[in-house]
Amino acid sequence: MANGAKHVLIVDDDRQVREVLHEIFLSNGFKCEIATDGREGLETFQLTRPPLTVTDVKMPVMDGLEFLKAIRDIDPDAAVIMLTGVGDVKIAIESLKVGAHDFIIKPVNVDELLIAAERAVERRQLLIERREYQATLERRVEEATRDLALTLRELQDTYRATLEALGSALDTRDVGTEAHSRRVHGYVQTIARIHGLPERDVKDIEHGVLLHDIGKIGIPDAILLKPGPLTPEEWIVMRTHPEVGRRLIERIPFLRAAVPIVYHHHEKWDGTGYPLGLRGEAIPLGARIFAVADAFDAMTFDRPYSRAISYEAARREIERCAGTHFDPDVVRTFLSMPDTILEEIRRRSLEP
Ligand SMILES: [Fe+2]
């Protein structure tokens, strides 16, 4: 037992008992406080805060049980041993229920008392250490959770910044891409949801839409920005952009989900597209949805070499290409969307 723990408050209205207890504890190296009843005991306890209290049960003014409750209120770790007469066992048990560590039946046996005292103080120490350990643990968990949340936020910021940086790198090379991307993004998102895709897949598809032409970064300006039509040789170079894009992003873990659209957005349902000439459902669904949305937007907006056509005409053209260029199921979903939804997506894409 540590020296600081060898400090006891003795409370008994019987002078003889007090003196015997005092003698026992003193000769065993305890610092002792003495009180003659519960009330006096409480005052002494508040002043000296001993780790151990030994108290009689039957006392005038404030009895042992009341005293026990009072000091446990002040210090929930207070180690208390009750002294009872043979007939007070019920009260002794009651006292255990409200927090006494032990009880000893009078007349007091020295060895029994010292063992009980040691056990009570050890148990008190154990409880304190356990609580401190738990508090430390909780603090660590809290700190770790905070750190984790911070890291996650930083990661998300990095993620967004990276996507934006990639997007604007592309914009500097191909004017008009951003507005087109935003509209196509809106169409794809809505078609995907109506088509019944789970929300997680919709999110992955969004990133693909944003980055679909990222591979154009690798196409020489002379071809990418050429004002006139491309020669067959130039088309061969231009058609490498899905492959360039795939190589660019597939090693970045958080962009990997965008690969299917980046790599396959020029495939056609009948197998005549590129880069792999995939056919039908071998083409990732996200890329099949993208193809419809991309074509619709290209047709309904002015481009350098073609005027915008009406929604109605664009719908007819998409319907005509179902089964050749486009997945017929996706076309069906697309055609089920009223003009008002398409208008709304277009209007929202202009918002900052
Ligand atoms: Fe493309």
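As the structure is a computational prediction, the values presented were derived from the model and not from experiment. (Residues numbered from 1 in each chain as written. Predicted model: local features only at pLDDT ≥ 70, side-chain atom pairs only at ≥ 80, totals over all residues.)

**Structural notes on the pairing of strand 5 (residues 102-105)**
Here is step 1: Two strands pair when backbone bridges link them, and strand 4 (residues 79-84) and strand 5 are joined in this way by four bridges, in the parallel orientation. Its bridge partner lying in strand 5, Ile-81 is registered against Asp-102.
Here is step 2: What joins strand 4 to strand 5 is helix 4 (residues 89-97), and the crossover it makes is right-handed. (Pairing = 2+ DSSP bridges. Helix = DSSP H or I, 4+ residues; strand = E, 2+ residues; numbered from the N terminus. Right-handed = clockwise from strand over helix to strand, strands pointing away.)

**Here we look at the sheet that holds strand 5**
The pairing of strands in a sheet comes from backbone hydrogen bonds and takes either a parallel or an antiparallel form.
Here is step 1: In spatial order, the strands read 2-1-3-4-5; together these five strands make up an open sheet with parallel pairing. Two strands close off the open sheet at either side, each with one partner strand: strand 2 (31-35) and strand 5. Direction aside, neighbouring strands of the sheet carry axes that sit 20° apart on average.
Here is step 2: Against the sheet, helix 2 (residues 38-48) makes contact with strand 1 (7-11), strand 2 and strand 3 (52-56), and its axis sits at roughly 165° relative to strand 1, the strand it touches most.
Here is step 3: Against the sheet, helix 4 engages strand 4 and strand 5, with an angle of about 170° to strand 4. (Axes fitted to C-alpha atoms, helices over the stretch in contact; angles between N-to-C directions. Contact = placed C-beta atoms within 7 Å.)

**With respect to the domain arrangement of the protein chain**
Here is step 1: One can read the domain layout of the protein chain as domain 1 (3-134) and domain 2 (173-348).
Here is step 2: If you average the C-alpha positions of domain 1 and of domain 2, the two centres end up 82 Å apart. (Domains from an automatic or database assignment.)

**A look at unusual backbone geometry**
Here is step 1: A cis amide bond, omega 0°, links Lys-106 with the succeeding residue Pro-107.
Here is step 2: Within the secondary structure, Pro-107 sits in the loop between strand 5 and helix 5 (110-171).
Here is step 3: That bond from Tyr-274 to Pro-275 is cis: its omega, 10°, falls within 30 degrees of zero.
Here is step 4: With respect to the element layout, Pro-275 can be found in the loop between helix 11 (259-264) and helix 12 (285-299).
Here is step 5: One non-glycine residue, Arg-49, lies in positive phi territory at about 45°.
Here is step 6: Topologically, Arg-49 is positioned in the loop between helix 2 and strand 3.
Here is step 7: Although it is not a glycine, Val-61 adopts a positive phi angle of roughly 70°.
Here is step 8: Relative to the helices and strands, Val-61 resides in the loop between strand 3 and helix 3 (64-74).
Here is step 9: Under the C-beta neighbour-count criterion, Val-61 is labelled partly exposed, with 13 such atoms within 10 Å. (Buried ≥ 20, exposed ≤ 12 C-beta atoms within 10 Å, placed from the backbone.)

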